[in-house]
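In case you want the letters, here they are:
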Amino acid sequence: KESCMAFLDAIDPSAKVIDSVNTIVNDNGHLTGFNTDYIAVKSLITSHQLDTSARVMIQGSGGMGKAVIAAFRDAGFRDVIIAARNEANGTALAKQYGFQWQPDADGIDILVNVTPIGMAGGKESEQLAFSEAMVARASVVFDVVALPPETPVIQLAQRLGKKTISGAEVIALQAVEQFVMYTGVRPDDALVAEAAAFARAG
């Protein structure tokens, strides 16, 4: 995702902002790199009308974590805590995007998990990405884990009546963006919603 960038003719802003490419479009030999993870997350922030004045905690510091952090920053969020388990990575990432690293915090409105916690087949598949108390105090829980579509923390948030955004929605939207880039055809909103619902159904 990073080493290929030197061989491309152009880098779209979606990839440039996180120095990572996940889609390459060949237009008559002219290669352009994009990052549809960033595009999808930024689109979900808008479509779910998340409040940019809300306090956000993003847990995770890998490649997808970088895409999520950049998307929240570029959507206008300013009060963002990076809660990466790796302090060195978390601190560096927070500094890069103008936020702060903290292992824990109170009063978080939007919780975002970008770690493997809750992922099917993983050693932490049954664990909550955030504590019950944190979920109870939050208004939105966003988990980028796609399998299962309803992770333990998403299930808890739903039981507590919180707004949830799942990794299945991220997968569906980033796939739509890739489809558009490769074909030049954009599916209508109803078809995109149907694809997201299918992805959520697992």
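Position numbers for residues start from 1 in each chain and track the written sequence from start to end. Owing to the predicted nature of the model, reporting of local features is limited to residues with pLDDT of at least 70; listing and counting of side-chain atom pairs is limited to 80 or more, with chain, interface and lining totals taken over all residues. To get the side-chain values, all heavy atoms of the structure are used, and hydrogens and water are removed first.

A.B. asks: Help me out: how do you make sense of the layout of surface pockets in this one?
C.D. replies: Over the atoms, a rolled probe matching the size of one water molecule traces out where space is still vacant. Cavity and pocket criteria rest on a 1 Å grid covering protein atoms alone: a 1.4 Å probe that fits but cannot get out defines a cavity, protein on both sides within 12 Å along at least 5 of 7 lines defines an open pocket, and an atom within 4 Å of a point defines a lining residue. Grid points are joined across faces, edges and corners, and a volume is the space filled by probe spheres set on the points. Its boundaries defined by the atoms lining it, the largest pocket holds a volume of some 260 Å³. Forming the walls of the largest pocket are 14 residues, and the residues nearest its centre are Ser43, Ser47, Leu173, Val192 and Ala193. Mapped onto the lining of the largest pocket, the elements with two or more residues apiece are α2 (36-47), α7 (167-183) and α8 (189-200). A run of H or I in DSSP becomes a helix once it reaches four residues, and a run of E becomes a strand once it reaches two; helices and strands are each numbered from the N terminus. Per element, the largest residue contribution to the lining of the largest pocket is five residues, and it comes from α8. We call Asp, Glu, Lys and Arg charged. Ala, Val, Leu, Ile, Met, Phe, Trp, Tyr, Cys and Pro are nonpolar, and the rest, Gly among them, are polar. Class assignment of the residues belonging to the lining of the largest pocket gives a composition of six nonpolar, three polar and five charged. Considering only enclosed or pocket space, the second largest pocket measures out at about 170 Å³ in volume. Around the second largest pocket sit 13 residues that line it, and Met119, Val144, Val145, Ala146 and Ile171 are the ones nearest its centre. Examining the composition of the lining of the second largest pocket, we find that four residues originate from one element, α7, more than from any other.

A.B. asks: Teacher, can you tell me more about the pairing of strand β3 (residues 30-34) here?
C.D. replies: On a regular strand, each side chain points to the face opposite its neighbour's, so the side chains alternate between the two faces of the sheet. Note that strand β1 (residues 10-11) and β3 share two bridges and pair parallel. Following the sheet pairing, Ala10 is matched in β3 by Thr32. The rule for pairing is simple: two strands pair if DSSP sees at least two bridges between them. Relative to β3, strand β2 (residues 23-27) is paired through five bridges, and the arrangement is antiparallel. Bridge pairing links Thr23 to Phe34 in β3. Between β2 and β3, which follow one another and run antiparallel, lie two residues, and Asn28 among them has a positive phi close to 55°.

A.B. asks: Just checking my understanding: could you explain the nonpolar core for this structure?
C.D. replies: Within soluble globular proteins, side chains that are nonpolar generally end up buried alongside one another. Grouped together as the largest cluster of nonpolar side chains are 37 residues, with contacts concentrated most on Ile58, Phe72, Ile110, Val112 and Phe142. Only α2, β4 (56-59), α3 (63-74), β5 (80-82), α4 (87-97), β7 (110-113), β8 (140-143) and α7 provide two or more residues apiece to this core. A per-element tally of this core places α3 first, with six residues. Setting aside chain neighbours within four positions, we find Ile58 in contact with Val68, Ile69, Phe72, Val80, Ile81, Ile82, Ala83, Ala84, Val112 and Val114. Take the buried Ala, Val, Leu, Ile, Met, Phe, Trp, Tyr and Cys residues and link them wherever side-chain atoms come within 4.5 Å; each set so joined is a nonpolar core. Relative accessibility decides the category of a residue: with a 1.4 Å probe and only protein chains considered, values under 20% of the type maximum give buried, values over 50% give exposed, and everything between is partly exposed. Core analysis: the next-biggest nonpolar cluster, separate from the first, contains 17 residues, Ala105, Phe130, Met134 and Val153 among them. Two residues qualify as a contact provided that any one of their heavy atoms is within 4.5 Å of a heavy atom in the partner residue.

A.B. asks: Explanation requested: empty space enclosed by the protein in the structure shown.
C.D. replies: According to the stated counting rule, one finds one cavity of 30 Å³ or more in the structure shown. Space inside the largest cavity adds up to approximately 30 Å³. Forming the boundary of the largest cavity are Ala105, Asp106, Gly107, Ile108, Met134 and Arg137. Considering only residue class, the lining of the largest cavity consists of three nonpolar, one polar and two charged.

A.B. asks: Honestly, α4 in this entry has me stumped. Any pointers?
C.D. replies: One full turn of an α-helix is made of 3.6 residues, so residues set three or four places apart face in the same direction. Where α4 is concerned, the buried positions are Gly90, Leu93, Ala94 and Tyr97. Here the buried residues of α4 occupy an arc of 100° about the axis, which is enough to place them on one side. Projecting away from the buried face of α4 at angles above 90 degrees are the exposed residues Ala88 and Lys95. Residues of α4 that are buried in the fold lie against α3, β5 and β6 (100-101). Our arc is simply the arc of the directions from the helix axis toward the C-beta atoms.

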